[in-house]
Amino acid sequence: MGQTYLGEFEQIVLLAVWRVGEDAYGVRIRQEIEARTGRAVTIGAVYATLDRLALKRCVKTTLGEPTAARGGRAKRYYSITRTGMAALEDTRQQLARMWHGLRREPL
Amino acid sequence: VTVLHRLARALLSAALPPELRDAVIGDLDDEMRERIDAGATRHAAAAWSMRQSLGSIPAALRLRAGRRMAAGPAGSKGEAVHSLWQDVRYAARVARKTPLVTIAAVTTLALGIGATTAIFSIVHAALIRELPFHEPDRIVNIYESFRSSLSRGVVNPSNFDYWERHATSFSHITPMRTSSATLTGAGDPTRVSVQAVGEAFFDTIGVRPAVGRQLNDSDADESTLPVLLSHELWRTRFGADPAITSRTIMLNDAATPVVGVMPAGFGFPHNTDVWMPLRIPASQRANARSWFLGVVARLRPGIEIDDARAEMNRLAQELQQANPARQKDRGASLVPLREDLVFRIAEGVLLLQGAVALVLLIAVANIANLLLARGAARTREFGIRTAVGASRWRVARLVLTESVLLGLAGAVVGCVLAVYNLRALLAFSPLQLPPGMEPALDMPVLMFGLATGVAASALFGLLPALAATRRDVAARLQAGALTSGGSSPRSTHLRSGLVIAELALAVVLLVGAGLLARTFLRLMSQDVGFTSTRVLTAMTTLPAARYDTAEKRSAFWESLFERLATVPGVVAAGGSTAVPFSNFEWQTAFTIVGRVDTPHGTSIRTVHPKYFEALGIPLLAGRVLSPADNETAERVVMVNGTFARTFFPGVNPVGERIRLTSEKDATPALIVGVAGDTRHYRLTEPPQPEVYRPLMQQAPSLFVLAIRTSDDPRAVMSLVRSAVRQLDPDLPIEQMKTLSELVAGTVADRRFYLTLIGFFALAALMLALIGVYAVMAYVVGQRSREIGIRLALGAAPRDVRLQVVRSAAVLVLVGLALGAGAALLASRALASLLFGVAPHDPLTFAAVVALLGLLGVAAAWLPARRAARLDPLAVLRTE
């Protein structure tokens, strides 16, 4: 690869999918992001990003069983792909190269 | 919050792509429940969900757009687009399957939108569209104002000089002076409108000549002032000659150099033909009692009009301190350019827009009624759709799509109609819009038409959509099984409500039209004091250069009237310096000989002795002026009845003398006769005091011929023209009109508003009656089973009929009562257009209520008769 670059929020969502693992559906992903970054995130923004990540084949998605508890609405689960992991690694390296040799002056 | 949270959730659901809807909405509900389980209040959890939903909508829309693009050109357009397309195709099929409803709805709407859009094009041109000048909102007209009377007028030159020197609010300020001149040597001699302007004029308005150069201050020093032509004059009189700037034109018999041509459509301030440098003679500049300048200025950047007003008020106070006697009561008044250009018509066109909007609303109510009826026939279809899993939103969307399709069709046809409406409107409109403000069906106006169609469809689609999405699936399927067009009382209530609204709106329009009609009748029955039929009028002006003495002018007028008297068909050839309703008026001051008092004011006109005969003005006392009252005879005048009553109450003024103090010739003049009163300016104004001077003792250069003919005055037009031309081929003959046309001209705007509003009121009446008929026919159809049973059990047909008519009468009465109340409020908007009629005129209200009441009940008659004639057996057998 080497050419895939993920945007900042894409990285965050993808990392959240990775971290949550098995139970990665909308609610858990959103909560994971809010809990770790401390910023308010809308469910719509999460899905819009997941949709983009799916197009880049960084995640794959499966439908759960519809349950009565959710009013017959099935959950949609996401899991990170190898491509997704490679893209995260790529992005981190690109950033690292950009940081290389820079020294932050105390402000 | 709960309702809002549901609404927000529904919006988000609609915005999401269908395949993600379950996941997202499910997640939202999941987490809301989790929050409640974790101890949050229901309220707080719902608020959270609402914030999430609303915040997610932009992302949802992006998501949808992103998918569509990702699907690529080869793929499908995405499910959302696809399902919308499905809806549109289905709606088109429904429209085709019920052609009568479709045609009725589209036609009604198109007529309404056609009228609304045409009127809006005038509103847009007059009040909204940017004026064709540079930053037009920064241009203001400045007047001298009279504090006590709140009126305003032209400006004294020395006051202008003071303003120009001291005012800092304006980047440019320029004086203007309106006059006219005779153009010869380019077709028939004609009078052209001349505007003398300062050099700053062009920067003030922000317009440059299209050909040649603009005027500058050094031009004012030339012995013959050079001119700029209007594009129109250049085109019509000089064949758009590109070499015009190397030519001279004959203005007032002087070879006048042309320096350029202004752009097409430019006639600032009003239909100007020629601009020339302003040169104020020293005598006039010094004259403290002479007011004749128009002033236009451009606000300096960063200065608002209120700042400028404050400064001008300060300057006015300084002027007043310097010259308390002359400047007493005088201030300065700033008027934004647009306000000045449209103040005469703004109120009227807004009134028309309001009236036409009411008609459109009635049309919308009618269409809603029509669609409710069609929806009622489809109860079964909607029931089945719901039963097999269509969401209520999906069914509502289907019905709304049908409405929007109708709305768009109506709007497109309406915009086409608007083209013809506007053409007809302009052909018969007396409204004078300045150049550059001509109404046009441009893009914004057409967008308005389309938007009106969509807005209307949302209005008339709303009730049918709600009716189609009621929850009671099972009930509706049963109803459908029982009767072919089952419906509930609720839908009947909806439709009755619509008809009541239609009736109420129709009352408002009818009352408006009635009040205007009564005003018009009042005006037309005003006694003008003269006989306007079979009188031809025309104005001519003697150029000062060739007719420089009173003798020359007298000689011309004498031989002209000799010639006119011999023209076949002429009964009496007279004339005046101002005939009634020609918008000319001369004022003078006078004192009464033998009395010690301050001068009085009066209207004055110089007349040919035959003037009274030509106009049929009666002689009340003394004698009429005669040809013997000439230059060598004693100075004489006639006065009118109002003059006699005002200044000689209870006394015969014949034999008294007055001195016209502000005229050149202030020799005392003997009053020889009293003429009947005439109305001069407007039908709404009472006659004013008037003095008549004989033509041969004053010899004016401007005169309006007034010629009574034995037959149609138009027949002698060319003879009169050639009589003038034979004496002097270079004289302009202008404004050749019959006196009846002049009188009609003063009520033309009222006639215009009356005709249009009357037309709208008639349309409203028809629509409302159709509404009453339709709803009663529907009710009879709904209840045919019940009526059949009652007839079978022996009810008299007459009672059945009465019952239907009675229920219609209830609708009509409620509509009339609401409408009369609304009309009481609305008719105040008409007050300034009314004359001799109060806005709450009881007669008009009573007539409208009676008319609409009778017609409304009559409209229910047909359905009532059908109900009474129902065959009980046939009705019961169909069940």
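Residues numbered from 1 in each chain as written. Chains lettered and ligands numbered in written order. Predicted model: local features only at pLDDT ≥ 70, side-chain atom pairs only at ≥ 80, totals over all residues. Heavy atoms only, no water.

Before going further, it helps to spend a moment on the overall build of chain A. Helices and strands together make up the secondary structure of chain A, namely 4 helices and 2 strands. Going residue by residue from the N terminus, the α and β elements of chain A occur as α-α-α-β-β-α. Taking all 107 residues of chain A together, the buried fraction comes to 39%. A separation of at least 24 residues holds for 55% of the contacts in chain A among residues at least 6 apart in sequence. (Helix = DSSP H or I, 4+ residues; strand = E, 2+ residues; numbered from the N terminus. Buried < 20%, exposed > 50% of the residue type's maximum accessible area, 1.4 Å probe, protein only. Contact = heavy atoms within 4.5 Å.)

Helix and strand counts for chain B come out as 27 helices and 22 strands. Taking all 879 residues of chain B together, the buried fraction comes to 50%. When contacts within chain B are restricted to residue pairs at least 6 apart in sequence, long-range pairs at least 24 apart make up 80% of them. Roughly 39800 Å² of accessible area belongs to chain B as shown, and the carbon and sulfur atoms make up 60% of that amount. (Areas by Shrake-Rupley, 256 points an atom, 1.4 Å probe, with all protein chains shown as cover.)

All right, on to the side chain of E311 of chain B then. Residue and element names in this part refer to chain B. Mapping E311 onto the fold places it in helix 10 (residues 305-322). Although E311 lies buried, it forms no salt bridge, and the closest oppositely charged side chain, R314, sits 4.0 Å away as judged by the N-O distance. With sequence-adjacent residues up to four places away left out, E311 is seen in contact with H166, A167, T168 and S169. (Lys, Arg positive; Asp, Glu negative; His and termini not counted. Salt bridge = Lys/Arg side-chain N within 4 Å of Asp/Glu carboxyl O.)

This part is about helix 1 (residues 8-20) of chain A. All names here are of chain A. Its 13 residues place the ends of helix 1 18 Å apart at the C-alpha level, agreeing with the 18 Å of an ideal helix rising 1.5 Å per residue. All of the buried residues in helix 1 are E10, Q11, I12, V13, L14, A16 and V17. Those residues of helix 1 hidden inside the fold are in contact with helix 2 (26-37), helix 3 (43-55), strand 1 (59-63), strand 2 (76-80) and helix 4 (82-99). Backbone geometry just after helix 1 places G21 at a positive phi near 75°. (Expected span 1.5 Å × (residues − 1).)

Okay, the pattern of salt bridges next. All names here are of chain A. Per the counting criterion, the structure on display carries 39 salt bridges over all chains. For E89, the salt bridge goes to R92, with nearest N and O atoms at 3.6 Å. One end of the pair is E89 and the other is R92, both in helix 4 and 3 residues apart, which spans about a single turn. Exposure remark for R92: the relative accessible area of 56% places this residue in the exposed category.

Our focus in this paragraph is the packing of helix 22 (residues 748-782) of chain B against helix 24 (residues 797-826) of chain B. Residue and element names in this part refer to chain B. Where helix 22 meets helix 24, the closest approach of the two axes is 11 Å, and the angle between their N-to-C directions is 140°. Between helix 22 and helix 24, the crossing angle belongs to the class labelled oblique. For helix 22 against helix 24, the interelement crossing comes out right-handed. For the pair formed by helix 22 and helix 24, the contact residues are V775, M776 and V780 on the first element and V804, S807, A808 and L811 on the second. Per-class residue counts for the contact of helix 22 with helix 24 are 6 nonpolar, 1 polar and no charged. (Axes fitted to C-alpha atoms, helices over the stretch in contact; angles between N-to-C directions. Parallel < 35°, antiparallel > 145°, perpendicular 65-115°, else oblique. Left-handed = near helix turned anticlockwise from the far one by under 90°. Nonpolar A, V, L, I, M, F, W, Y, C, P; charged D, E, K, R; others polar.)

Residues and elements named next belong to chain B. Between the first and last C-alpha of helix 25 (residues 842-859) there are 25 Å, a value that for 18 residues agrees with the 26 Å anticipated at 1.5 Å per step. Every buried residue belonging to helix 25 is among T844, F845, V848, L852, G853, G856 and A859, and all of these are buried. Burial along helix 25 is one-sided: seen end-on, the buried residues are contained in an arc of 150°. Every exposed residue of helix 25 that faces more than 90 degrees away from the buried side is listed here: P842, L843 and L854. (Arc of directions from axis to C-beta.)

Let us look at the pairing of strand 14 (residues 587-592) of chain B. Bridge count for strand 14 of chain B against strand 15 (residues 600-607) of chain B is 4 bridges, and the pairing is antiparallel. Within strand 15 of chain B, the position partnered with A589 of chain B by the bridge is G601 of chain B. (Pairing = 2+ DSSP bridges.)

All right, on to the packing of aromatic side chains then. Residue and element names in this part refer to chain B. The final tally for this structure, using the stated rule, is 25 aromatic pairs over all chains. Pairing F120 with F448 gives two aromatic rings, centres 3.7 Å apart and planes at 10°, and the pair type is stacked. Within this pair, whereas F120 is found in helix 5 (residues 99-128), its partner F448 is found in helix 14 (residues 443-468), the two being separated by 328 residues in sequence. Overall, the relative accessible area of 24% leaves F448 in the partly exposed class. Aromatic rings pair up to connect F133, F201, F202, F266, F268 and W275 into one cluster. (Phe/Tyr/Trp six-rings, centres within 6.5 Å; stacked < 30°, edge-to-face > 60°.)

Here we come to the interface of chain B and chain A. Facing the 24 residues of chain B at the interface are 22 residues of chain A. Taking both partners together, chain B and chain A bury about 1900 Å²; carbon and sulfur atoms supply 48% of that area. Where chain B meets chain A, there are 5 salt bridges. With its nearest N and O atoms 3.6 Å apart, the salt bridge here joins D29 of chain B to R73 of chain A. On inspection of chain B and its partner chain A, the count reaches 13 residue pairs in polar contact (both at pLDDT 80 or more). For the side of chain B that touches chain A, the element with the most residues is helix 2 (residues 18-37) of chain B, which contributes 15 residues. Across the side of chain B that touches chain A, the residue classes break down as 9 nonpolar, 4 polar and 11 charged. (Buried area = accessible area lost by both parts, 1.4 Å probe. Polar contact = N/O pair within 3.5 Å; in protein donor to acceptor, adjacent residues only side chain to side chain.)

Residue and element names in this part refer to chain B. Among the structural elements, F268 can be located in the loop between strand 8 (254-261) and strand 9 (274-277). Look at F268 and you get buried, because its relative accessible area is 3%. Separated by 166 residues in the primary sequence, F268 and P434 place their C-alpha atoms 8.4 Å from one another. With near-sequence residues (within four places) excluded, F268 lies in contact with F133, M176, F201, I205, W275, V296 and L337.

Next up on the list: the packing of helix 21 (residues 739-746) of chain B against helix 22 of chain B. A pair of packed helices is captured by two measures, namely the crossing angle of their axes and the spacing between those axes. Residue and element names in this part refer to chain B. Interaxial distance between helix 21 and helix 22 falls to 4 Å at its minimum, and their mutual angle equals 60°. Of the possible angle classes, the one that applies to helix 21 and helix 22 is oblique. The segment helix 21 lies against helix 22, with A744, G745 and T746 engaging A748, D749 and R751. The residue inventory of the contact of helix 21 with helix 22, partitioned by class, reads 2 nonpolar, 2 polar and 2 charged.

With that out of the way, let us pick up a negative patch on the surface. All names here are of chain B. On the surface, a cluster of negative charge is contributed by E164, E199, D217, D221 and E222. Along the polypeptide, D221 turns up in the loop between strand 5 (211-212) and strand 6 (227-229). In this structure D221 comes out as exposed when scored by relative accessible area, which is 65%. (Patch = residues over 30% accessible without salt bridge, like charges linked within 9 Å, V, L, I, M, F, W, Y side chains within 5 Å. Charge placed at Lys NZ, Arg CZ, Asp CG, Glu CD.)

In this section: the confidence of the model for chain B. Residue and element names in this part refer to chain B. For chain B, per-residue confidence averages 86 on the pLDDT scale, and 94% of positions sit at 70 or higher. Taken as a whole, residues 72-77 scores under 50 in pLDDT and shows 2 contacts with residues more than four places along the chain or in a different chain. Scored by ipTM, the complex comes to 0.88, with pTM at 0.70. (pLDDT = per-residue confidence, 0-100.)

Moving on, we get to the pairing of strand 8 of chain B. All names here are of chain B. The pairing of strand 5 with strand 8 spans 2 bridges and is classified as antiparallel. By the bridge assignment, V211 is partnered in strand 8 with V261. For strand 6 and strand 8, the ladder comprises 3 bridges, and the chain directions are parallel. When the bridges of strand 8 are listed, L229 appears paired with V261. One ladder, built from 4 bridges, connects strand 7 (residues 248-251) with strand 8; its direction is antiparallel. Counterpart to I249 in the pairing with strand 8 is T256. The hairpin turn running from strand 7 into strand 8, its antiparallel successor, is 2 residues long, and N252 in that turn takes a positive phi close to 50°.

Residue and element names in this part refer to chain B. Look at the link from F268 to P269: it is a cis peptide, with omega at 0°. Along the chain, P269 falls in the loop between strand 8 and strand 9. The phi dihedral of A240 is positive, around 50°, even though this residue is not glycine. With respect to the helices and strands, the residue A240 is situated in the loop between helix 8 (231-238) and strand 7. By relative accessible area, A240 is classed as partly exposed at 29%. Here the phi dihedral of R534 falls at roughly 60°; this positive angle occurs in a residue that is not glycine. As for its placement among the helices and strands, R534 is situated in the loop between helix 16 (489-524) and strand 12 (535-541). Residue class for R534 comes out partly exposed when judged on its relative accessible area of 43%.

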